[in-house]
Amino acid sequence: MQHSRSTFLLALAGSAATFALAGRPATATGAYKVSLSEAEWHRRLSPEAYDVLRQAGTETAFSSPLDHETRPGIYACAGCALPVYDAKTKFDSGTGWPSFYAPLPHAIATSNDASLGMPRTEVHCSRCGGHLGHVFDDGPQPTGLRYCMNGVALAFHPARKAGT
Ligand SMILES: [Zn+2]
């Protein structure tokens, strides 16, 4: 099982090979490996995805079909295609946003967000810096974390059977 998942992730990484994999480590304020101009992001993203990923907007609760997606697979950043969550860590939080208890290794970065007058922890893609959502400490075990994601900022890739 572990082996087939690794193979799948490698395949995904290969499909995103147009993006440079080498570069500086991502930080909340520094340069990202995938860095486009605002005009390029506008061209690449839907208006809804641009609002979330590049303007830190929040989609309407219960608006994303991914909220009720339960198939096995991988959720990738809609901005740069970096795999960010395994469906194994997805759970129904009842909030109306796709929720996960753990990201894939090195997939995301966090920063402090005080925009609503209360401290929250923003979650963004480690490769393009795109805003994905927030993380809260009221999630299920084993992590106790709830990664509250905007579905429009994610692209779901259902798992395929080996050999297809
Ligand atoms: Zn990204």
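Residues numbered from 1 in each chain as written. Predicted model: local features only at pLDDT ≥ 70, side-chain atom pairs only at ≥ 80, totals over all residues. Heavy atoms only, no water.

**Q** Looking at this model, I keep getting lost on the nonpolar core. Mind explaining?
**A** One broad trend across soluble globular proteins is that nonpolar side chains are buried collectively. Ranked by internal contacts, the top residues of the largest apolar core, which has 30 residues, are Val-84, Tyr-85 and Leu-132. The greatest single-element share of this core, amounting to 4 residues, is contributed by helix H3 (residues 47–53). (Core = buried A, V, L, I, M, F, W, Y, C linked by side-chain atoms within 4.5 Å. Buried < 20%, exposed > 50% of the residue type's maximum accessible area, 1.4 Å probe, protein only. Helix = DSSP H or I, 4+ residues; strand = E, 2+ residues; numbered from the N terminus.)

**Q** Explain the pattern of salt bridges to me, please; I cannot follow it from the model alone.
**A** Pairing of side chains with opposite charge becomes possible as their charged atoms draw close. Per the counting criterion, the structure on display carries 3 salt bridges. Notably, a salt bridge pairs Arg-71 with Glu-69, separated by 2.8 Å at the nearest N-O pair. Classification of Arg-71 as partly exposed rests on a relative accessible area of 45%. Of the charged contacts in the structure, one is a salt bridge between Arg-120 and Asp-113, with a shortest N-O distance of 3.3 Å. Considered together, Arg-120 and Asp-113 belong to a single accessibility category, that of buried residues. (Salt bridge = Lys/Arg side-chain N within 4 Å of Asp/Glu carboxyl O.)

**Q** What is the right way to look at the side chain of Asp-113 in this model?
**A** Residue placement: Asp-113 occurs in strand S5 (residues 108–113). Its relative accessible area of 13% is what places Asp-113 among the buried residues. Here the side chain of Asp-113 touches Ser-115 through a polar contact of 2.8 Å, side chain to side chain. Every residue in contact with Asp-113, bar those within four places of it in the chain, is listed here: Met-118, Pro-119, Arg-120, Glu-122 and His-134. (Polar contact = N/O pair within 3.5 Å; in protein donor to acceptor, adjacent residues only side chain to side chain. Contact = heavy atoms within 4.5 Å.)

**Q** For this particular structure, what's the right way to read the sheet that holds strand S2 (residues 83–86)?
**A** The strands that make up a sheet are held in pairs by hydrogen bonds between backbone atoms, and each pair lies either parallel or antiparallel. Strands sit in the order S2-S1-S9 across an open sheet of 3 strands; the sheet is antiparallel. Across the chains shown, the open sheet's two edge strands, defined by having one partner strand only, are S2 and strand S9 (154–158). The average angle at which neighbouring strand axes cross in this sheet is 30°, direction not considered. (Pairing = 2+ DSSP bridges. Axes fitted to C-alpha atoms, helices over the stretch in contact; angles between N-to-C directions.)

**Q** Is there a simple way to think about the packing of aromatic side chains in this case?
**A** With the rule as written, the count across this model stands at 4 aromatic pairs. Ring geometry for Tyr-75 against Phe-156: centres 4.5 Å apart, planes inclined by 35°, an arrangement best described as tilted. One end of the pair, Tyr-75, is in strand S1 (residues 73–77); the other, Phe-156, is in strand S9, and 81 residues separate them in sequence. Residue Tyr-75 is classed as buried on the basis of its relative accessible area, which comes to 0%. (Phe/Tyr/Trp six-rings, centres within 6.5 Å; stacked < 30°, edge-to-face > 60°.)

**Q** Explain the pairing of S2 here, please?
**A** Side-chain direction in a regular strand flips from residue to residue, so the side chains alternate between the two faces of the sheet. Note: S1 against S2, 3 bridges, orientation antiparallel. Paired with Tyr-75 across the bridge in S2 is Tyr-85. If you look at the hairpin formed by S1 and S2, you'll find 5 residues sitting between the two strands, and Ala-81 has a positive phi there, around 75°.

**Q** For this particular structure, what's the right way to read the environment of Pro-65?
**A** Among the secondary structure elements, Pro-65 is positioned in the loop between H3 and S1. In this structure Pro-65 comes out as exposed when scored by relative accessible area, which is 68%. Spatially, the C-alpha atoms of Pro-65 and Gly-151 are 7.4 Å apart, while their sequence positions differ by 86 residues.

**Q** Would you explain the sheet that holds strand S3 (residues 90–91) in this entry?
**A** Pairing in this open sheet of 6 strands is antiparallel, and the strands run S3-S4-S8-S7-S6-S5 from one edge to the other. Each edge of the open sheet carries a strand with a single partner, namely S3 and S5. Across 4 bridges, the pairing between strand S6 (residues 120–125) and strand S7 (residues 131–136) is antiparallel. Bridged to Thr-121 within S7 is Val-135.

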